[in-house]
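Structure assessment
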Amino acid sequence: QTSLAPLPCYVYLIEHPSLKYATTRSIAKYPVGIEVGPQPQGVLRADILDQMRKMIKNALDFIHNFNEGKEFPPCAIEVYKIMEKVDYPRNENGDIAAIIHPNLQDQDWKPLHPGDPVFLTLDGQIIPLGGDDTVYPVFVNEAAYYEKREAFAKTTKLTLSAKSIRSSLH
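Just so you know, these numbers come straight off a predicted model, no measurement behind them.

What follows covers the sheet that holds strand β4 (residues 98-100). The strand order across the open sheet built from three strands is β4-β5-β6, with neighbouring strands paired in antiparallel fashion. Sheet topology places β4 and β6 (126-128) at the edges, where each strand pairs with a single neighbour. In this sheet, adjacent strand axes meet at a mean angle of 35 degrees when their direction is disregarded. The sheet contact formed by strand β5 (residues 117-121) and β6 spans three bridges and is antiparallel.

Encoded structure:
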């Protein structure tokens, strides 16, 4: 995140036992994803591709430096832990009965407070966020998730701290 600033670099944790993302292949105890985008499904944007290249280069540089024995100082990283998938409101036939509210559209990773508008029914009624906690919505209204019955996912923002690290091989 620091090396890419001021570009955004969102890291999310997938460790909730009831959430399964078929596109995530776990190679560690707790899968970690790095979100590049958002960008519409089936679209390739030059700015997003450039951000992805910078993220991958930084990740590979870290791995190389770690394997060479470089010591990394203590640090903190902001992460988003996925808590719950939220489906669109549906009618008795299972059809979508409300759309993402305009105030939520394009607001991925931004705080969403209880009572804030989330959905707008086809007859103009606002459906607000329930509960008592502020959440950070991700994957808002993404076409790839329609068939998965997911309007967005709720996350909570955490700060993880790490002590200094160095490869034990050196």
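A few words on the packing of aromatic side chains. Per the counting criterion, the structure on display carries eight aromatic pairs. When the ring of Phe139 is compared with that of Tyr145, the centres are 5.4 Å apart and the planes differ by 40 degrees; the resulting orientation is tilted. Pair check on accessibility: Phe139 and Tyr145 agree, each one buried.

On to the pattern of salt bridges. Enumeration over the complete set of coordinates arrives at eight salt bridges. Here Lys54 ties to Asp50 by a salt bridge, and the two come within 3.2 Å at their closest N and O atoms. Here Lys54 and its partner Asp50 are both found in helix α1 (residues 46-67), four residues apart, which amounts to about one turn of the helix. Given a relative accessible area of 37%, Lys54 falls into the partly exposed group. The partner of Glu71 in a salt bridge is Arg166, and the shortest N-O contact between them spans 3.4 Å. With Glu71 in the loop between α1 and β3 (75-86) and Arg166 in the segment after β8 (152-162), the pair connects residues that are 95 residues apart, well separated along the chain. Residue classification places Glu71 among the partly exposed residues on the basis of a relative accessible area of 41%. What emerges from the salt-bridge pattern is a single network uniting Asp87, Arg90 and Arg149.

Analysis parameters
- Residues numbered from 1 in each chain as written.
- Predicted model: local features only at pLDDT ≥ 70, side-chain atom pairs only at ≥ 80, totals over all residues.
- Heavy atoms only, no water.
- Pairing = 2+ DSSP bridges.
- Helix = DSSP H or I, 4+ residues; strand = E, 2+ residues; numbered from the N terminus.
- Axes fitted to C-alpha atoms, helices over the stretch in contact; angles between N-to-C directions.
- Phe/Tyr/Trp six-rings, centres within 6.5 Å; stacked < 30°, edge-to-face > 60°.
- Buried < 20%, exposed > 50% of the residue type's maximum accessible area, 1.4 Å probe, protein only.
- Salt bridge = Lys/Arg side-chain N within 4 Å of Asp/Glu carboxyl O.

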